[in-house]
Amino acid sequence: MLRGRGIRDQGDVRLGDIVLRNRLVTSSSLLGYGVANAPLVPYGMSPVSMFVPLSEFGAVTTRTLTVERREGHFSTRDDYRLGELPGLLRRYGRVLRSTDGGWVNAFGWCNVGIEAYLRDYHPRTRDQRTIISLGGFSAAEFVTLVDRVNDAVPAGEIAAVEFNVSCHNVNFDFSTILQDVLDQAVPRSNHPVILKLSPDYDYLRNAQQAARAGVSALTAINTVKALRLDPRTGEPLLTNRYGGLSGRAIKPIGLRVVSELREAGVTLPIIATGGIRTADDCREYFWAGADAVSLGSAVWLASYPGYALAPLRALHVRRVLRAVRRYTPQSPGRAPSR
């Protein structure tokens, strides 16, 4: 069990302007849009999530949404028939591969677009606290995304919007637009803004830019740029060649980034993600300086045969959720008393 300044059942948790139901959220993309259209083949959602009460999480983060529908390197379809399953699995193999201690993926922001999400998915997830992940290739696109969320979602109905300005799977240098995005899009949002940081960019500088621009919190970290090659042919395993590494392998990197942000004097709330699987992992991130923690691929992904154990994996997720709900972190970077 996690220990802090005292163990208690918590109500809502405030991270500055952001209100969460507790300190455990879900990472972007792994649970699609927070709801599936097909119960037998829940496209975009980990089978593990089918056995977990998502409404009990601090917040559920959507996959990254763009202004227009985007196929990326995969597909936006969610109507696959059983006979199409072998072909679908082969396509997954070109955008998601397991590796030592984690996963590499390059879905390339495939999503239905912001309008379709707000129309077809968001109304069905009102029992959840939601963080809407937004992605674009210019400040103008982020302004459009923010305006559309403002128009469709009353202030306070969601936890926040998260600006994904650090993804490696879309082959774009986000450092060229970050300041413009912060200057133009953050002030327009009726909802708190979270900036998602990459360990491959100058995250200390980016965090300081975010603080000056009025961002409410940081997500640390996005995936780490990575490469897998077929050892027989030398060909890349992913369609995009490069992908994002997630899972247990990046936990030490995530802890380092959170700690360095605090050591550099960054005071914004931090939602930590990267390799979190157990209550002990959460405790480490809290000690490093995180205010909340996020479950990603280390929990929600498995080998295809491994998904047969999804109900058991879900029981483990529930135990982590219970532990975090009863935990009050110490001040950033200080170990809780025992």
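Above this text you will find the structure in question.
Parameters at a glance
Residues numbered from 1 in each chain as written. Predicted model: local features only at pLDDT ≥ 70, side-chain atom pairs only at ≥ 80, totals over all residues. Heavy atoms only, no water. Helix = DSSP H or I, 4+ residues; strand = E, 2+ residues; numbered from the N terminus. Rg over C-alpha atoms; globule rule 2.2 N^0.38 Å. Buried < 20%, exposed > 50% of the residue type's maximum accessible area, 1.4 Å probe, protein only. Contact = heavy atoms within 4.5 Å. Areas by Shrake-Rupley, 256 points an atom, 1.4 Å probe, with all protein chains shown as cover. Pairing = 2+ DSSP bridges. Axes fitted to C-alpha atoms, helices over the stretch in contact; angles between N-to-C directions.

*Asks:* Report on the overall build of the protein, specifying residues and quantitative values.
*Replies:* The secondary structure content of the protein amounts to nine helices and 14 strands. In terms of overall dimensions, the protein is globule-like: its C-alpha atoms have a radius of gyration of 19 Å, near the 20 Å expected for 338 residues. Relative to its 338 residues, the protein shows a buried fraction of 59%. Excluding contacts between residues fewer than 6 apart, the proportion of contacts in the protein whose partners are at least 24 apart in sequence is 75%. Accessible surface for the protein amounts to roughly 14,200 Å². Of this, 49% is attributable to carbon and sulfur atoms.

*Asks:* I'd like a description of the sheet that holds strand 5 (residues 96–99), backed by residues and values.
*Replies:* Overall, antiparallel pairing links the four strands, which are arranged 5-6-12-11 in an open sheet. The open sheet has two edge strands, strand 5 and strand 11 (224–227), and neither has a second partner. If you compare each strand with its neighbour and ignore which way they point, the axes differ by 40° on average. Sheet topology note: the strand 5/strand 6 (residues 102–105) ladder contains four bridges and is antiparallel. Across the sheet, the residue bridging to R97 is V104, located in strand 6.

*Asks:* Tell me about the sheet that holds strand 10 (residues 217–220), and name the residues and values.
*Replies:* Pairing in this closed barrel of eight strands is parallel, and the strands run 3-4-7-8-9-10-13-14 around the ring. Adjacent strand axes in the sheet meet at a mean angle of 25°, parallel and antiparallel pairs treated alike. Strand contacts of helix 3 (residues 139–152): strand 7 (130–134) and strand 8 (160–164), with the helix running at about 150° to strand 7, the strand carrying the most contacts.

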